[in-house]
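# Understanding the architecture of this molecule
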Amino acid sequence: MSDNQLLGLDVGKVRTGVARASWAARLAEPLKTVHTATAAEELRELIKRYKVDTIVVGLPRNLNGEDTQQTAWVRQWVSNIKKQLSPTFYWQDEAATSRLAERRVSTSKKNRYLADAIAASIVLQDFIDSPQTERSSC
């Protein structure tokens, strides 16, 4: 892997949490929350600024690991966004990351935005910590 950076995404229909990490440091940090409708523009800038070569997207599933309507929506969103951006995309199971992130912050509106970015950092850290053989490209 290169010294380039990775972005992690927790994609929702309204908001998308974004986190970043470097391959060298291997430690994810919350970056920001963006509006999903304008995420492509924001991601394009972040890719350029941080020299991103990998984007990891949290894949929502139910507690049994089965796809849901949200899973289908996120898969379609990623299919569309991949056409606009150059990095390699990977899936990472996001089992309960949003709930875990919400526990880390209070429930004010400002903190809900922070929770999305924290959820993205949890997704990204899970990916970094996973064996390369378990990684699934989009």
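Here the structure is a predicted model, which is why all the values come from computation and not from measurement.

### Looking at the overall build of the protein chain
Along the backbone of the protein chain there are four helices and six strands. Along its sequence from the N terminus, the protein chain presents helices and strands in the succession β-β-β-α-β-α-β-α-α-β. Of all 138 residues assigned to the protein chain, the portion counted as buried reaches 46%. Across the protein chain, the fraction of contacts at a sequence separation of at least 24, relative to all contacts at a separation of at least 6, is 63%. Of the roughly 7,700 Å² of accessible surface on the protein chain, a fraction of 46% belongs to carbon and sulfur atoms.

### Thoughts on helix 1 (residues 39–50)
Between its first and last C-alpha, helix 1 extends 16 Å over 12 residues, near the 16 Å set by a 1.5 Å rise per residue. Among the residues of helix 1, Ala-39, Ala-40, Leu-43, Leu-46, Ile-47 and Tyr-50 are the ones counted as buried. Projected down its long axis, helix 1 shows its buried positions confined to an angular sector of 125°, all on one face. Exposed residues lying more than 90 degrees from the buried face of helix 1 are Glu-41, Glu-45, Lys-48 and Arg-49. Of the surrounding elements, those touching the buried residues of helix 1 are strand 1 (5–11), strand 2 (15–22), strand 3 (29–35), strand 4 (52–59) and helix 2 (69–82). Just downstream of helix 1 lies Lys-51, where phi reads positive at about 55°.

### What about the sheet that holds strand 3?
Within the open sheet, the six strands sit side by side as 3-2-1-4-5-6. Their pairing is mixed. Every other strand in the sheet has two partners, leaving strand 3 and strand 6 (136–137) as the edge strands with one partner each. With two bridges connecting them, strand 5 (residues 88–93) and strand 6 associate as antiparallel partners. Looking at the pairing, Trp-91 lines up with Ser-136 of strand 6.

### As for unusual backbone geometry
A positive phi angle is found at Arg-26, which is not glycine, with a value near 60°. Looking at where Arg-26 falls in the secondary structure, it is placed in the loop between strand 2 and strand 3. Since its relative accessible area comes to 39%, Arg-26 is described here as partly exposed. In the Ramachandran plot, Lys-51 falls in the positive-phi region, its phi being about 55° despite a non-glycine side chain. Within the secondary structure layout, Lys-51 lies in the loop between helix 1 and strand 4.

### Here we look at the environment of Val-123
Within the secondary structure layout, Val-123 lies in helix 4 (residues 109–129). The exposure class assigned to Val-123 is buried, which follows from its relative accessible area of 0%. The spatial distance from the C-alpha of Val-123 to the C-alpha of Gly-58 is 5.8 Å, given a sequence separation of 65 residues.

About the cut-offs
- Residues numbered from 1 in each chain as written.
- Predicted model: local features only at pLDDT ≥ 70, side-chain atom pairs only at ≥ 80, totals over all residues.
- Heavy atoms only, no water.
- Helix = DSSP H or I, 4+ residues; strand = E, 2+ residues; numbered from the N terminus.
- Buried < 20%, exposed > 50% of the residue type's maximum accessible area, 1.4 Å probe, protein only.
- Contact = heavy atoms within 4.5 Å.
- Areas by Shrake-Rupley, 256 points an atom, 1.4 Å probe, with all protein chains shown as cover.
- Expected span 1.5 Å × (residues − 1).
- Arc of directions from axis to C-beta.
- Pairing = 2+ DSSP bridges.

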